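Each chain, letter by letter, is given below.
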There are 2 protein chains.
Amino acid sequence: MDANSALNIYREQLKKYIDFNEAEWIIFSQHLSINQLKKKHYFAEPGKVCDKVAFMIIGTVRYYHIKDGQEITGYFSFENEFVTSYKSFLTGLPGLTYIQALEDCLLITFTHRDLDQMLANPMLAYKVEKFGRLVAEETIVCYEDRVASFITQTPEERYLQLYNTGKDILRRMPQHYIANYLGITPVSLSRIRRRVLTGVK
Amino acid sequence: MDANSALNIYREQLKKYIDFNEAEWIIFSQHLSINQLKKKHYFAEPGKVCDKVAFMIIGTVRYYHIKDGQEITGYFSFENEFVTSYKSFLTGLPGLTYIQALEDCLLITFTHRDLDQMLANPMLAYKVEKFGRLVAEETIVCYEDRVASFITQTPEERYLQLYNTGKDILRRMPQHYIANYLGITPVSLSRIRRRVLTGVK
DNA sequence: CCACTTTCTTATCTTTTGTTAACGTTTCCT
DNA sequence: AGGAAACGTTAACAAAAGATAAGAAAGTGG
């Protein structure tokens, strides 16, 4: 895919949040970079500041922590979703999360520095503020559901919910990552699946 | 406490996010209401749209769901924190959460309607956008940690973290609410406390 | 001030989950 | 193509958590 197609996809997807006119888009897009991220490479790593927000044109990533030497996968992002270690990006402090490409990715990114420049530019400030607000709010809606699922649901119920509202995760992610995402071990998920699928035991 | 003191506290606390000048504050504050919420009364209920955002001047609330006839407490808010059923407020759809006063509360609120009016007012729009973005981003930072704790920590580790970074929750909330907040049952929390405190078993 | 509720602990039993290891299959890589 | 790594399931055992009930202590509200 060429750079122009990627930018056009981005602009189209952004209309969900904000509609830039031509003049605004020209300035806005000057702050964008197109990046490739090869499979298994890292978009973010613990101990490093994540100073970029990416938008995934092609590819998938997973977010994971390491605890007691073990990888624990907490989240995934797919095409047409934003990718960043949000807390690190917002605070400017080193993050705790690996964000790793599971496939070759094509990303459109801007840095925190670029964001500051845009917010300081009267031609863009208002729309970029709104853009930031809307993306943040959308993220909160997801988090609210996710926290509620840990509080009110059993692992089996969380799996069933994922099974029903399915989305890409079940189809595209290996099961041991999904287990972590649900807050359980791969062995436990395998047992839950047997219970659910066979109705036995 | 009189209305003016409450509004002054609010204005002072808001400086963390945004600093209104006099002219702006006059308009902004016209969109605010001062509400009392008596102990055990509800700020939000499942099935109803939560169309207000509150700022807690005095008091505490808890957020809870009902599952299989049982209350499950998911969160708390204290003085100088915002209170709303965020998803319901943002989407305009009925929420799933009870938000109940645990003490008599003094709240400063604005409605979604008022927010829309402020965002449509050129004198306020930019600062209110920024205000909304910053509050949303702060919320995300909290959620990121909270989700990570469910993914990477055992219930005992979550309790210990709460014990160390303590805050008001341990001091001011009954233990069975805290248990829910940690994603476990009250009986289980009692056992964890014994393990932790006595080092036994 | 007394009855009532709430809160917390403890005990017992059941269920679920974690841990470790083994095994077959698939995928990856060079 | 062939060896290595990754993946999913299953088993056996240990550890933890859930469910339920009982009882004591503390707090609440007439």
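In this text, all values refer to a predicted model and were calculated from it rather than measured experimentally.

J.: I would appreciate a short explanation of the overall build of chain A in the present structure.
T.: The secondary structure content of chain A amounts to 9 helices and 8 strands. Viewed in the frame of its principal axes, chain A has a C-alpha envelope of about 65 × 35 × 35 Å. Put simply, chain A has 201 residues, and 48% of those count as buried. Counted over contacts in chain A with a minimum sequence separation of 6, partners at least 24 positions apart contribute 70%. By element, 51% of the accessible surface of chain A is carried by carbon and sulfur atoms, the whole surface being about 10,000 Å².

J.: Would you explain the relation of the copies chain B and chain A in this entry?
T.: A rotation about an axis combined with a shift along that same axis relates the two copies of the chain. Aligned on chain A, chain B shows an RMSD of 0.0 Å; the corresponding rotation is 180° and the shift along the axis is 0.0 Å. Such a combination of turn and shift is consistent with a two-fold rotation axis. Within chain B, the C-alpha atom positioned nearest to the axis of rotation is that of Arg133(B), 2.0 Å from it. Most of the interface of chain B is mirrored in chain A, where 100% of its interface residues are also at the interface.

J.: Any chance you could explain the protein's contact with DNA strand D here in plain terms?
T.: Gln175(A), His176(A), Thr185(B), Arg191(B) and Arg195(B) are the nearest of the 15 residues found near DNA strand D. In the interface set of DNA strand D, defined as its atoms within 4 Å of the protein, sugar plus phosphate atoms amount to 66%. Between Arg191(B) and DNA strand D, the recorded distance is 2.8 Å, taken from a side-chain N or O atom to a base nitrogen. For the surface near DNA strand D, the elements supplying multiple residues, two or more each, are helix H8 (175-182) and helix H9 (186-198) of chain A together with helix H9 (186-198) of chain B. Element by element, the count of residues in the surface near DNA strand D is highest for H9(A), at 5 residues.

J.: Can you help me understand the nonpolar core in this one?
T.: One recurring pattern in soluble globular proteins: nonpolar side chains tend to sit buried together. Formed by 68 residues in total, the largest nonpolar core has its most connected members in Tyr10(A), Phe28(A), Phe131(A), Tyr10(B), Phe28(B) and Phe131(B). Those residues in contact with Phe131(B), other than ones at most four positions away along the chain, are Tyr10(B), Leu14(B), Tyr17(B), Ile18(B), Phe28(B), Phe82(B) and Phe110(B). With 15 residues, the next largest nonpolar core counts Ile169(A), Tyr181(A), Leu189(A) and Ile192(A) among its residues.

J.: Mind showing me how you'd approach the interface of chain B and chain A here?
T.: How big an interface is tends to be stated in terms of the accessible area lost upon association of its parts. Tallying the contact residues gives 36 residues for chain B and 36 residues for chain A. The junction of chain B with chain A conceals about 3,400 Å² of combined surface from both sides, 67% of it contributed by carbon and sulfur atoms. In this assembly, chain B and chain A are joined by 8 salt bridges. Here Glu129(B) ties to Lys130(A) by a salt bridge, and the two come within 3.1 Å at their closest N and O atoms. Scanning the region where chain B abuts chain A turns up 14 residue pairs in polar contact (both at pLDDT 80 or more). Contributions of two or more residues to the side of chain B that touches chain A are made by strand S4 (61-67), strand S5 (70-77), helix H3 (86-91), helix H5 (125-152) and helix H8 (175-182) of chain B.

Criteria and thresholds
Residues numbered from 1 in each chain as written. Chains lettered and ligands numbered in written order. Predicted model: local features only at pLDDT ≥ 70, side-chain atom pairs only at ≥ 80, totals over all residues. Heavy atoms only, no water. Helix = DSSP H or I, 4+ residues; strand = E, 2+ residues; numbered from the N terminus. Buried < 20%, exposed > 50% of the residue type's maximum accessible area, 1.4 Å probe, protein only. Contact = heavy atoms within 4.5 Å. Areas by Shrake-Rupley, 256 points an atom, 1.4 Å probe, with all protein chains shown as cover. Least-squares fit on C-alpha atoms with pLDDT ≥ 70 in both. Near = heavy atom within 4 Å. Polar contact = N/O pair within 3.5 Å; in protein donor to acceptor, adjacent residues only side chain to side chain. Core = buried A, V, L, I, M, F, W, Y, C linked by side-chain atoms within 4.5 Å. Buried area = accessible area lost by both parts, 1.4 Å probe. Salt bridge = Lys/Arg side-chain N within 4 Å of Asp/Glu carboxyl O.

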